[in-house]
Amino acid sequence: MKKSTDDVTQFHSVDQAKNPTSFVQFMDTSHAQQTAQSYRQEMMEQLALKDGATILDVGCGTGQDTQDLAHAVGPHGRVVGIDSSETMLQEARARVAGMQIPLEYVLADATQLPFADASFDGCQASRVFGHLREPAQALAEMVRVARPGARIVLADGDLDLTVVDIPDRSLARKIVHAACDQMVQGWMGRQMPRLFKQAGLIDIRVEGRLMPLDYTFFQIAFSGILQGARTAGAVSAEELTRFWNALEQAEQEQHFFARVGGFVVSGRKG
Ligand SMILES: C[S@@+](CC[C@H](N)C(=O)[O-])C[C@H]1O[C@@H](n2cnc3c(N)ncnc32)[C@H](O)[C@@H]1O
């Protein structure tokens with residue numbers, strides 16, 4: 001039985017969703033996956049954090065990464081998490097209530113950051129740009145608020161790099177493309193290096209990964225997306241049933257296999 005969730009393609013407007021707290025739950029489940037942990041480690045490394053640094057986390061969600069950043073910069077540093085969702089920020093604030101860490105959360109849109117030019121030693125956004133209608137504008141804002149020499153780091157998936165092992169290849173390909181096209185920016189992963197170059201960033205570093213998804217998380221992540229693809233007419237109800245049945249069978253036979261591709265890209269402001 002598929003576990004249902006709100007449609008994760010709606011992360012661009014969490015507060016307007018039928019059940020905004022389901023996005024909080026999704027992020028918690030997601031952070032328990034190897035996928036998120038792998039992104040986090042790589043992003044921290046590429047940010048090259050220093051004690052006392054001032055760091056911006058764009059689209060911070062419930063603040064899991066933001067808290068890690070605050071611990072990493074130490075008591076003389078400062079970390080600001082911004083998000084366009086009040087639901088996410090309320091949760092993020094509740095999770096650090098009473099803690100003595102140099103962290104603050106601000107309601108703001110990624111494309112219009114409420115900060116002066118050159119005010120951060122580093123900026124990151126994890127799994128946010130795939131939800132943005134104007135990713136180049138959001139990156140331009142991160143570049144604007146970064147100090148010369150600061151590193152800017154993005155992590156995002158590329159949904160066309162989703163692989164599943166089912167007998168019907170053409171069905172797998174059709175479903176993966178349909179899922180990808182439901183996202184605002186399903187190809188964000190492969191587009192980030194170009195966006196970095198166009199934004200004038202230098203010393204660009206690109207790390208690509210294929211990250212494992214277990215069957216439970218695959219259902220949580222993809223059931224809403226694929227329901228949307230069916231409503232949009234990209235796949236039929238019959239194709240979807242065949243797809244889920246094939247995955248269910250693989251799971252029962254203990255050979256379910258799925259990976260999703262993503263990239264961590266960073267660049268330096270000259
Ligand atoms: C998939 S979550 C990732 C959250 C967090 N970065 C993490 O990895 O745990 C995407 C986040 O981006 C936020 N978001 C979406 N569109 C945004 C925008 N235009 N400006 C700021 N935040 C945005 C959402 O509210 C959500 O919290």
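Residues numbered from 1 in each chain as written. Predicted model: local features only at pLDDT ≥ 70, side-chain atom pairs only at ≥ 80, totals over all residues. Heavy atoms only, no water.

Draft legend 1. Representation of the pairing of strand β3 (residues 103-107) in the model. In this structure, strand β2 (residues 78-83) lies alongside β3, joined through 5 bridges in parallel fashion. Paired with Gly81 across the strands is Tyr105, a residue of β3. (Pairing = 2+ DSSP bridges. Helix = DSSP H or I, 4+ residues; strand = E, 2+ residues; numbered from the N terminus.)

Draft legend 2. Fine view of the packing of helix α2 (residues 34-47) against helix α3 (residues 64-73). Running from N to C, α2 and α3 point in directions that differ by 40°, and their axes come no closer than 12 Å. As far as their axial angle goes, α3 and α2 are oblique. Between α2 and α3 the crossing geometry is right-handed. Residues Arg40, Met44 and Leu47 of α2 touch α3, and the partners they reach there are Gln64, Asp65, Asp68, Leu69 and Ala72. Class assignment for the residues of the contact of α2 with α3 results in 4 nonpolar, 1 polar and 3 charged. (Axes fitted to C-alpha atoms, helices over the stretch in contact; angles between N-to-C directions. Parallel < 35°, antiparallel > 145°, perpendicular 65-115°, else oblique. Left-handed = near helix turned anticlockwise from the far one by under 90°. Contact = heavy atoms within 4.5 Å. Nonpolar A, V, L, I, M, F, W, Y, C, P; charged D, E, K, R; others polar.)

Draft legend 3. Up close: the site of the ligand. Lining the immediate surroundings of the ligand are 20 residues, of which His31, Gly59, Asp83, Ala110 and Ser126 lie closest. Here a nitrogen atom of the ligand and a backbone polar atom of Gly59 are 2.7 Å apart. Between the ligand and the protein, one listed contact pairs an oxygen atom with a side-chain N or O atom of Asp83 at 2.6 Å. Compared with its free state, where it exposes 600 Å², the ligand has 96% of that area covered by protein. Per-class residue counts for the shell around the ligand are 9 nonpolar, 8 polar and 3 charged. (Near = heavy atom within 4 Å. Polar contact = N/O pair within 3.5 Å; in protein donor to acceptor, adjacent residues only side chain to side chain. Areas by Shrake-Rupley, 256 points an atom, 1.4 Å probe, with all protein chains shown as cover.)

Draft legend 4. Highlighting the packing of aromatic side chains. On inspection of all chains with the given rule, the structure shows 10 aromatic pairs. The interplanar angle of 85° and the centroid separation of 5.1 Å between the aromatic rings of Phe115 and Phe120 together place this pair among those described as edge-to-face. Here Phe115 falls in the buried class, since its relative accessible area comes to 15%. When the ring of Phe243 is compared with that of Trp244, the centres are 5.8 Å apart and the planes differ by 65°; the resulting orientation is edge-to-face. On the accessibility criterion, Trp244 (6% relative accessible area) is buried. By way of ring pairs, the aromatic residues Tyr215, Phe218, Phe222, Phe243, Trp244 and Phe256 are connected into one cluster. (Phe/Tyr/Trp six-rings, centres within 6.5 Å; stacked < 30°, edge-to-face > 60°. Buried < 20%, exposed > 50% of the residue type's maximum accessible area, 1.4 Å probe, protein only.)

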